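Take a look at the letters that make up each chain.
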Amino acid sequence: MALLHRATLRPSKIDLLATWLPARPWYRGPAGADVVSRGAYRFDDPAGAVGIETMLVGAADGPVHQVPLTYRAAPLDGADDWLVGTTEHSVLGPRWVYDGCGDPVYAAALAHAILAGTGQAEQYFEVDGRRELRAPTMTVVASGAGTPPVGDGGPVADEDATLIVTDSVELVVVRRPGTTSTGAAGAVLSGNWDGQPTTVPLAYARAR
């Protein structure tokens, strides 16, 4: 379960991505183009300390890009190269926003979602002491069984995908789902969103 706040962010997530995304080697689209959201899904951090959201974004006429994001209350040691930017959350205060592929909390959550077959977390707003379910903006399904522990490791990015290698699992995050083939193997997290009628691979997991 992911508990959300009705809040504003300055700058917004889309504004952060509009600046950060064009410099990625896997980005396809003009620099300076407006970035729009196509859908998003979330995982849950069992410790409740890190927000984990994956956004599907792109320029209006370009391909969709998959960007896992983690939201933290303080900088993550050793992850400067994966910092998307900082933002001010009207409820939680300053937030450091990272490309999740460089965050071990995201790696653990992705491995669990795929290999345990749990998929995305249900999202709720808390309103006047009550929890209201937020309808998902995309459908995500997982095929897998058995969850290995996730240890320390490092991500490697190329032009089509990002490989995250830990002590016990290899994860592949497809950066342009529906337009590229990574040749990856293993259990699969797949999804579809508005404008993508068929289900396509989003990520893969394979025990080492």
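The rules behind each value
Residues numbered from 1 in each chain as written. Predicted model: local features only at pLDDT ≥ 70, side-chain atom pairs only at ≥ 80, totals over all residues. Heavy atoms only, no water. Phe/Tyr/Trp six-rings, centres within 6.5 Å; stacked < 30°, edge-to-face > 60°. Buried < 20%, exposed > 50% of the residue type's maximum accessible area, 1.4 Å probe, protein only. Core = buried A, V, L, I, M, F, W, Y, C linked by side-chain atoms within 4.5 Å. Helix = DSSP H or I, 4+ residues; strand = E, 2+ residues; numbered from the N terminus. Contact = heavy atoms within 4.5 Å. Expected span 1.5 Å × (residues − 1). Polar contact = N/O pair within 3.5 Å; in protein donor to acceptor, adjacent residues only side chain to side chain. Salt bridge = Lys/Arg side-chain N within 4 Å of Asp/Glu carboxyl O. Pairing = 2+ DSSP bridges. Axes fitted to C-alpha atoms, helices over the stretch in contact; angles between N-to-C directions. Arc of directions from axis to C-beta.

Caption draft 1: Summary view of the packing of aromatic side chains. In the structure shown here, the tally under the stated rule is three aromatic pairs. Considering the side-chain rings of Tyr41 and Phe43, the 5.6 Å spacing of their centres and the 65 degrees angle between planes classify their relative orientation as edge-to-face. For the pair formed by Tyr41 and Phe43, the shared burial category is buried. A network of ring pairs unites the aromatic residues Tyr41, Phe43 and Tyr106 as a single cluster.

Caption draft 2: Focus on the nonpolar core. Residues Tyr41, Phe43, Tyr106, Leu110, Leu171 and Leu189 are the most contacted members of the largest nonpolar core, which totals 32 residues. Among the elements of the structure, β3 (35-43), β4 (51-59), α2 (104-115), β10 (138-143), β13 (169-174), β14 (187-193) and β15 (196-207) are those that each provide at least two residues to this core. At eight residues, the largest contribution of residues to this core is made by α2. The contacts of Leu171, once residues within four sequence positions are left out, are Ala107, Leu110, Ala111, Thr162, Leu163, Ile164, Tyr204 and Ala205. If you look at the next biggest cluster of nonpolar residues, it comprises 16 residues, including Tyr27, Ala40, Leu69 and Val97.

Caption draft 3: Geometry of α2. A rise of 1.5 Å per residue sets the reference length of α2, with its twelve residues, at 16 Å; its end C-alpha atoms lie 16 Å apart and thus fit the reference within 8%. Within α2 the residues assigned to the buried category are Tyr106, Ala107, Ala109, Leu110, Ala111, Ala113, Ile114 and Leu115. By the N-cap criterion, in which a side-chain oxygen at the helix start approaches the backbone nitrogen of a residue two or three places on, α2 is capped by Asp103, the distance to Val105 being 2.9 Å. A positive backbone phi angle near 70 degrees is found at Gly117, which sits one or two residues after α2.

Caption draft 4: Main features of the pattern of salt bridges. All chains considered together, the criterion is met by six salt bridges. Between Arg175 and Asp99 there is a salt bridge, with the nearest N and O atoms lying 2.8 Å from each other. Note that Arg175 is positioned in the loop between β13 and β14 and Asp99 in strand β7 (residues 93-99), a separation of 76 residues in sequence. Judged by relative accessible area, which is 2%, Asp99 ranks as buried. Among the salt bridges present, the one from Arg176 reaches Asp160, with a minimum N-O distance of 3.0 Å. Within this pair, whereas Arg176 is found in the loop between β13 and β14, its partner Asp160 is found in the loop between β11 (154-157) and β12 (161-165), the two being separated by 16 residues in sequence. You can call Arg176 buried: its relative accessible area is 8%.

Caption draft 5: Seen up close, the sheet that holds strand β2 (residues 9-10). One open sheet accounts for six strands, arranged β2-β6-β7-β5-β4-β3; its pairing is antiparallel. On the outer flanks of this sheet lie β2 and β3, each paired with one strand and no other. In the sheet, strand β5 (residues 65-72) pairs with β7 via four bridges, with the strands oriented antiparallel. Its bridge partner being in β7, Tyr71 is matched across the sheet by Val97. Along the sheet, helix α1 (residues 13-20) contacts β2, β3, β4, β5, β6 (83-89) and β7; its crossing angle with β6, the most-contacted strand, is approximately 155 degrees.

Caption draft 6: View of α1. Along α1, the residues classified as buried are Leu16, Leu17 and Trp20. For α1, the arc enclosing every buried residue in end-on projection is 95 degrees, short of the 170-degree limit, so these residues lie on one face. The secondary structure elements touched by the buried residues of α1 are β4, β5, β6 and β7.

Interpretation in functional terms is not warranted from these geometric data alone.
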